[in-house]
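If you want the building blocks of each chain, they are given just below.
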Amino acid sequence: ARAQIGVTGLAVMGSNIARNFARHGYTVALHNRSIGKTDALLEAHGGEGDFVRTETVEEFVAALEKPRRVLIMVKAGDATDAVIEELADAMEPGDIIIDGGNALYTDTIRREAAMAARGLNFVGAGISGGEEGALNGPAIMPGGPKESYESLGPMLESIAAQVDGTPCCTHIGPDGSGHFVKMVHNGIEYADMQLIGEAYNLFRDALGFDAKQIADVFTQWNTGELESYLVEITAEVLNQVDAKTGKPLVDVIVDAAEQKGTGRWTVKSALDLGIPVTGIAEAVFARALSGSRTQRAAAKGLASGVLGEKPTDVAEFTEAIRQALYASKIVAYAQGFDQIAAGSAEYNWDLHPGDLATIWRGGCIIRARFLNRIKEAYEADPALPSLILAPYFREAIEKAIDSWRRVVVVATQLGIPVPAFASSLSYYDGLRAERLPAALTQGQRDFFGAHTYERIDAEGKYHTLWSGDRSEVPA
Ligand code: 6PG
């Protein structure tokens, strides 16, 4: 037994992570349900490091030094349970099973408890960065028992992306917290992509830009405060020319967005936690609307109403879109961090938002220059009530607010959908409002259901005798 880590599930993500470990000097035991993938990996990349080829689970487990560390890289779902069971049967107390897939965090909570009962350490680890990140340095969000991190942490930290000498990996918290945090990461990823999509749509339909012109704008934006992986790849995608037609590739791709589930999970969890993640929700729904092909086909030709004039000052409106994007992005991240705080409180995870901002600076899909500012904001005030209230972001929004409003107005006048821009602005206006219409909601609830209300000038709950003499009584 000489391998320090075993990887089972050798599709692209698993293979690349195995190679990443090997390139960092670890001996890696390889296992896959069908040996073909294992041999293909060894044939193509066996020279990159020290691999141990194994065929059966027993052989695989026997190849590992103790405490054994096995990373499972299979498609999240039922397959994961089967693999865990098989491994658990072959492993011994103190060994560590790591699930590196996009598992639902409640599954991870359940699996961790089941493994703990058998003396095994179960680590649900969110891994972000796609194929390229897995190979060259992903962001890793491992949850599970703290003790397991002592032997596992240094290995994960060494293969993770590094930013200013800091690894994009840290122990997140108990049981399902790593996968929870990865789920919210993906929710933010959805919001970010939707916001970028809305900006793109405005360039195309309000300013009449072609894909190349829009690519140039994103390339330019990537040199400033919006600098991020998603903005960078947006320019690359927009610059791609379709070999078959000679048109921009983006213009020949069907405009129906798919999803595998993590964005939807984020919104479901936010509903349960009572956290308004409006940006993420709009992004998930926008994908759903785009995919409603039958309805959309039938709805062509619906009334638009009188449309406004297109903006004439191109440079000015370009900058306004940039500001709207930046401000909406601040809102989306603020909401995501609110959800993390709520999840932490609900499950007693003691999560540290500043740590997450730190490990999301590199490796992951939402990596962005702006995460440095989030890190600083939480360092200055770990109990920040909302990211929007941190001085840096408060000022950024103050600078952007007029442009943000203008973009939403122009989009509305031109009939261009901007669900995430608009709802983020409404969220911001709701957050800062002196009075919300919720007072009326409470009055209505009391009217039809005697649900009671609080008064602004007295303690306690009250009820008005609506169907009686309409006097007020304490509840
Ligand atoms: C990451 C990505 C990764 C994956 C998502 C995409 O962090 O590396 O988020 O997990 O690309 O599964 O999700 P959708 O298929 O739902 O868009």
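Keep in mind the model is a prediction, meaning the values are calculated, not measured. (Residues numbered from 1 in each chain as written. Predicted model: local features only at pLDDT ≥ 70, side-chain atom pairs only at ≥ 80, totals over all residues. Heavy atoms only, no water.)

What to know about the overall build of the chain
Defined as follows: In DSSP terms, a helix is any run of H or I states spanning at least four residues, a strand is any run of E spanning at least two, and both are numbered starting from the N terminus. Radius of gyration: over C-alpha atoms. The globule rule applied is 2.2 Å multiplied by the number of residues raised to the 0.38 power. Three labels apply to residues, based on accessible area from a 1.4 Å probe with only protein chains included: buried if under 20% of the type maximum, exposed if over 50%, partly exposed otherwise in between. Every residue pair with non-hydrogen atoms within 4.5 Å of one another is taken to be in contact. Here Asp and Glu are counted as negative and Lys and Arg as positive; His is not counted, and neither are the chain ends. The atom standing in for a charge is NZ when the residue is Lys, CZ when it is Arg, CG when it is Asp and CD when it is Glu.
Of the regular secondary structure elements, the chain holds 19 helices and twelve strands. For 475 residues, the compact-globule estimate of 2.2 N^0.38 gives 23 Å, and the C-alpha radius of gyration of the chain, at 25 Å, lies within 12% of that figure. Principal-axis analysis of the C-alpha atoms gives the chain an extent of 80 × 65 × 45 Å. Per-residue burial over the chain gives 51% buried out of 475 residues. At a minimum sequence separation of 6, the contacts of the chain that also span at least 24 residues come to 67%. Positive and negative charge centroids in the chain, built from 44 and 63 side chains respectively, lie 4 Å apart.

What to know about the pattern of salt bridges
Definition in use: Here, a salt bridge means any Lys or Arg side-chain nitrogen found within 4 Å of an Asp or Glu carboxyl oxygen.
For the structure shown, the criterion picks out 31 salt bridges. Salt-bridge contacts for Arg 68 lead to Glu 92; the nearest nitrogen and oxygen are separated by 3.1 Å. Taken together, the positions of Arg 68 in the loop between helix 3 (57-62) and strand 4 (69-72) and Glu 92 in the loop between helix 4 (78-90) and strand 5 (96-99) put the pair 24 residues apart, joining distant regions of the chain. With relative accessibility at 9%, the residue Arg 68 sits in the buried group. Note on Glu 92: relative accessible area 34%, which makes it partly exposed. Salt-bridge contacts for Arg 322 lead to Glu 225; the nearest nitrogen and oxygen are separated by 3.0 Å. A residue pair is termed long-range when its members are at least 10 positions apart, and Arg 322 in helix 14 (residues 314-347) and Glu 225 in the loop between helix 9 (211-221) and helix 10 (229-239) qualify at 97 residues. What emerges from the salt-bridge pattern is a single network uniting Asp 81, Asp 99, Asp 107, Arg 110 and Arg 111.

Focus: the packing of helix 14 against helix 18 (residues 419-432)
Rules: A fitted line through C-alpha atoms serves as each axis, taken over the contacting stretch for helices, and the angle formed by two N-to-C directions is quoted from 0 to 180°. We call two directions roughly parallel when the angle between them is under 35 degrees, roughly antiparallel when it is over 145, roughly perpendicular when it lies between 65 and 115, and oblique otherwise. With the far helix as reference, a near helix turned anticlockwise by less than a right angle produces a left-handed crossing, and one turned clockwise produces a right-handed crossing. Here the nonpolar group is Ala, Val, Leu, Ile, Met, Phe, Trp, Tyr, Cys and Pro; Asp, Glu, Lys and Arg are the charged ones; every other residue, Gly included, is treated as polar.
In the contact formed by helix 14 and helix 18, the axes pass within 9 Å of each other and the chain directions differ by 65°. Taken together, the axis directions place helix 14 and helix 18 in an arrangement best described as roughly perpendicular. Relative to helix 18, the crossing made by helix 14 is left-handed. Along its contact with helix 14, which presents Ala 324, Leu 325, Ser 328, Val 331, Gln 335 and Asp 338, the element helix 18 presents Phe 421, Ser 424 and Tyr 427. Class assignment of the residues belonging to the contact of helix 14 with helix 18 gives a composition of five nonpolar, three polar and one charged.

So, the packing of helix 14 against helix 17 (residues 391-414)
At a minimum axis distance of 7 Å, the contact between helix 14 and helix 17 shows a crossing angle of 125°. Considered as vectors, helix 14 and helix 17 are oriented oblique to each other. For the crossing formed where helix 14 meets helix 17, the hand is left-handed. Here Glu 316, Phe 317, Ala 320, Ile 321, Gln 323, Ala 324, Tyr 326, Ala 327, Ser 328, Ile 330 and Val 331 of helix 14 lie close against helix 17, whose contacting residues are Tyr 392, Phe 393, Ala 396, Ile 397, Lys 399, Ala 400, Ser 403, Trp 404, Arg 406, Val 407 and Val 410. Looking at side-chain class alone, the contact of helix 14 with helix 17 contains 16 nonpolar, three polar and three charged residues.

Some details on the sheet that holds strand 1 (residues 5-8)
Rule in force here: Two strands are said to pair when DSSP picks up at least two bridges between them.
Reading across the sheet, the seven strands line up as 3-2-1-4-5-6-7 and stay open at both edges, with mixed pairing between neighbours. In this open sheet, the two edge strands, each paired with only one partner strand, are strand 3 (50-53) and strand 7 (139-142). Each adjacent strand pair in this sheet contributes to an overall mean axis angle of 25°, direction not counted. The pairing of strand 6 (residues 121-128) with strand 7 spans four bridges and is antiparallel.

Regarding the state of the cysteines
As a reminder, the rule being used: Only a pair of cysteine sulfur atoms within 2.5 Å qualifies as a disulfide here.
Under the definition given, this model contains zero disulfides. No disulfide involves Cys 168; its sulfur sits 7.1 Å from the nearest other cysteine sulfur, which is in Cys 364. A residue is classified by how much of its surface remains accessible, and Cys 168, at 0% relative accessible area, is buried.

Focus: the nonpolar core
Threshold: We define a nonpolar core as any set of buried Ala, Val, Leu, Ile, Met, Phe, Trp, Tyr and Cys residues linked to one another through side-chain atoms lying within 4.5 Å.
If you look at the biggest cluster of nonpolar residues, it comprises 95 residues, and the most contacted ones within it are Trp 221, Trp 360, Ile 374, Leu 387 and Phe 421. Sort the elements by how many residues they give to this core and helix 14 lands first, with 15 residues.

Quick word on the sheet that holds strand 11 (residues 461-464)
Here three strands make up an open sheet; going across it, the order is 10-11-12 and the pairing antiparallel. In the strand order of this sheet, the two ends are held by strand 10 (453-454) and strand 12 (472-474), each with one partner. The pairing of strand 10 with strand 11 spans two bridges and is classified as antiparallel. Across the sheet, the residue bridging to Tyr 453 is Tyr 462, located in strand 11.

Notes on the side chain of Ser 269
Among the secondary structure elements, Ser 269 is positioned in helix 11 (residues 262-273). By relative accessible area, which is 4% here, Ser 269 ends up buried. Those residues within four positions of Ser 269 in sequence are excluded, and the remaining contacts are Tyr 105, Phe 180, Met 183 and Gln 339.

A few points about the packing of aromatic side chains
Note the threshold: Paired rings are identified among Phe, Tyr and Trp, the last through its six-membered ring, by centres lying within 6.5 Å, and are further divided according to the angle between planes into stacked (under 30 degrees), edge-to-face (over 60) and tilted (the rest). Lysine and arginine charges are scored as sitting over a ring when NZ or CZ, respectively, is within 6 Å of the ring centre and within 35 degrees of the ring normal.
Counted according to the given criterion, the structure contains 17 aromatic pairs. Residues Phe 447 and Trp 466 carry aromatic rings whose centres are separated by 5.1 Å and whose planes lie at 50° to one another, so their mutual orientation is tilted. Of this pair, Phe 447 sits in helix 19 (residues 438-449) while Trp 466 is found in the loop between strand 11 and strand 12, placing the two residues 19 residues apart along the sequence. Positioned above the aromatic ring of Phe 370, the side-chain terminus of Lys 329 is 5.2 Å from the ring centre. Its guanidinium or amino end placed over the ring of Tyr 392, Arg 373 lies 5.9 Å from that ring's centre, counting from NZ or CZ.

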